Amino acid sequence: MKLNESVVIKTASTDDFSVIQSIGCKTYREHFASIWSPQGLEEFLSRDFSDPALQKSLSSPQHLWLLVQDSRSSVVGYAKINWDKQEPISGIVGAELQKIYFSASATGRGYGSKAIEHIISVASKRDQAAIWLNVLTSNQGGQRFYANAGFTSVGEVQFDTDIAKIEMATMVRRLTANNSFKPKPLRGSA
Ligand SMILES: CC(C)(COP(=O)(O)OP(=O)(O)OC[C@H]1O[C@@H](n2cnc3c(N)ncnc32)[C@H](O)[C@@H]1OP(=O)(O)O)[C@@H](O)C(=O)NCCC(=O)NCCS
């Protein structure tokens, strides 16, 4: 089956509360359940996706939530950006890409690259000096994805789950007047 190539990236509002809550918990469980105990995972998810936490964040001008939809308007992924946040290693203040997750069935098709292009554009218009993020050092695919989008590693920070101590790479993409980034075209599924 060939994937239709259109993609919609939408700024989420409080109206999208249930959709964000659902895709946020689903994608995290799909990709990262193994680094938590079952109870630790639920507690971690509730930090961002409990009803009060998510309502507050969706209403805050300091946070941007994006929904990524395929050509049939199905939600395939989402991202969360925190504005004007200090990156802990170099100290630069910019947009923290706190979350970018796609359903397991939607990865590797070009949606993430389209989303990053959009995020770079929005962050540039907001005069952010950089975009930065933390990615598990074990997440080689994620690091390759960010490197392809112009991010470079500036160091490592530790992240503790309830069952493991994990290294995370901090990656930064400085934003300048010329932020051209050409994403790969969307790829069809086999
Ligand atoms: C990382 C992620 C956001 C990238 O989005 P994507 O739509 O899969 O990426 P694209 O199709 O635009 O680009 C593909 C590139 O991303 C990288 N990649 C990372 N994870 C991947 C995955 N699970 N499947 C395929 N490609 C992946 C590869 O470098 C790939 O390039 P390659 O084909 O040349 O090797 C997405 O794969 C994802 O949600 N992964 C799981 C959750 C995650 O790791 N989030 C980031 C946490 S910091």
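To be clear, the structure that these remarks concern was listed above.
Residues numbered from 1 in each chain as written. Predicted model: local features only at pLDDT ≥ 70, side-chain atom pairs only at ≥ 80, totals over all residues. Heavy atoms only, no water.

Let us look at the packing of helix α1 (residues 17-32) against helix α3 (residues 51-59). Where α1 contacts α3, the axes come no closer than 11 Å and their chain directions differ by 120°. For the pair α1 and α3, the crossing hand works out as right-handed. Of α3, the residues touching α1 (which contributes Phe17, Ile20 and Gln21) are Asp51, Leu54, Gln55 and Leu58. Of the residues belonging to the contact of α1 with α3, the class tally is 4 nonpolar, 2 polar and 1 charged. (Axes fitted to C-alpha atoms, helices over the stretch in contact; angles between N-to-C directions. Helix = DSSP H or I, 4+ residues; strand = E, 2+ residues; numbered from the N terminus. Left-handed = near helix turned anticlockwise from the far one by under 90°. Contact = heavy atoms within 4.5 Å. Nonpolar A, V, L, I, M, F, W, Y, C, P; charged D, E, K, R; others polar.)

Next up on the list: the site of the ligand. Taken together, 22 residues sit near the ligand, with Gly108, Gly110, Gly112, Ser113 and Asn139 positioned nearest. In the model, an oxygen atom of the ligand is placed 2.7 Å from a nitrogen or oxygen of the Gly110 main chain. Here Ser113 contributes a side-chain N or O atom positioned 2.6 Å from an oxygen atom of the ligand. Against a free-state accessible area of 840 Å², the protein chains account for coverage of 80% of the ligand. Looking at the shell around the ligand, the elements that each hand over two or more residues are α1, β4 (93-102), α4 (111-125), β5 (130-136) and α5 (140-148). Among the elements that line the shell around the ligand, the one with the most residues is α5, at 5 residues. (Near = heavy atom within 4 Å. Polar contact = N/O pair within 3.5 Å; in protein donor to acceptor, adjacent residues only side chain to side chain. Areas by Shrake-Rupley, 256 points an atom, 1.4 Å probe, with all protein chains shown as cover.)

Structurally, Asp16 is set in the loop between β1 (8-11) and α1. Other than its neighbours up to four places away in sequence, Asp16 contacts Lys10, Thr11 and Leu67.

Across the 7 residues that make up strand β2 (residues 63-69), a large majority, 6, are buried. The pairing of β1 with β2 spans 4 bridges and is classified as antiparallel. Looking at β2, one finds that Thr11 is bridged to Leu66. Pairing analysis gives 7 bridges linking β2 to strand β3 (residues 75-86), with the strands arranged antiparallel. (Buried < 20%, exposed > 50% of the residue type's maximum accessible area, 1.4 Å probe, protein only. Pairing = 2+ DSSP bridges.)

Let us now look at the pairing of β5. By the criterion of burial, β5 is predominantly enclosed, with 6 of the 7 residues buried. Where β4 lies against β5, 2 bridges are found, and the strand directions are parallel. By the bridge assignment for β5, Ala95 is matched with Ile131. Handedness of the crossover joining β4 and β5 through α4 is recorded here as right-handed. Sheet analysis places β5 next to strand β7 (residues 165-174), joined by 7 bridges and oriented antiparallel. Among the inter-strand pairings, Leu133 is bridged to a residue of β7, identified as Met171. (Right-handed = clockwise from strand over helix to strand, strands pointing away.)

Without other data, these values stay purely geometric and don't point to any function.
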